[in-house]
Amino acid sequence: MQAVATRQRTQPPPPWVVFEDLANPGRASQRPWLHLLDDETPPRVLATQRPTLVVWSSIWAKRPDANIQFDLTGSGSETALRWTLLVEPPAPDDRLFRHMCQRIGKLINAGLRYTYGH
């Protein structure tokens, strides 16, 4: 698989909290955050390494080969969260690529982040 995009932002809670949310994306919670579109499917967790790594299967029917890797590092009480989009060649066309990156950003840096009160 090749990395076609990566972004990093901080999340307010410590890594173990973010790890639990990413490692259990579909669990019932008082803070639901994984709001998928009609053409998306819930991810399967393919790999974890507590509390620093979570790898998801694709959420896109158009690119079932894609994986999303989350790397978490602590910085005080916050988490530096890096997501990386991995795909099998060929890379998605520009329109699909932008859509995939925007969706990850919205799910993680909006949906998940907002549940932490930020």
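Being a predicted model, the structure only gives us computed values, none of them experimental. (Residues numbered from 1 in each chain as written. Predicted model: local features only at pLDDT ≥ 70, side-chain atom pairs only at ≥ 80, totals over all residues. Heavy atoms only, no water.)

Participant: Which residues make up helix α1 (residues 15-23), and what are the values?
Facilitator: Most of α1 is tucked away: seven of the nine residues are buried. Within α1 the residues assigned to the buried category are P15, V17, V18, F19, D21, L22 and A23. For α1, the secondary structure elements touched by its buried residues are β1 (2-11), β2 (45-49), β3 (53-56), β4 (67-75), β5 (78-87) and α2 (94-115). (Buried < 20%, exposed > 50% of the residue type's maximum accessible area, 1.4 Å probe, protein only. Helix = DSSP H or I, 4+ residues; strand = E, 2+ residues; numbered from the N terminus. Contact = heavy atoms within 4.5 Å.)

Participant: Please give an account of the pattern of salt bridges that cites residues and values.
Facilitator: In total, this model carries six salt bridges according to the counting rule given. The partner of R63 in a salt bridge is D65, with the nearest N and O atoms 2.9 Å apart. Via salt bridges that share partners, D21, R27 and R31 belong to a single interconnected network. (Salt bridge = Lys/Arg side-chain N within 4 Å of Asp/Glu carboxyl O.)

Participant: Let's hear about the pairing of β2: which residues, and what values?
Facilitator: Where β2 and β3 come together, four bridges link them in antiparallel fashion. Opposite A47, over in β3, you have V55 as the bridge partner. The turn linking β2 back onto β3 is made up of three residues. (Pairing = 2+ DSSP bridges.)

Participant: I'd love a proper account of the pairing of β3, names of residues and values included.
Facilitator: Side chains L53 and V55 project from β3 onto one buried face, and the interleaved V54 and W56 project onto a second face that is buried too. Examined bridge by bridge, β3 and β4 share four bridges and lie antiparallel to one another. When the bridges of β4 are listed, L53 appears paired with D71.

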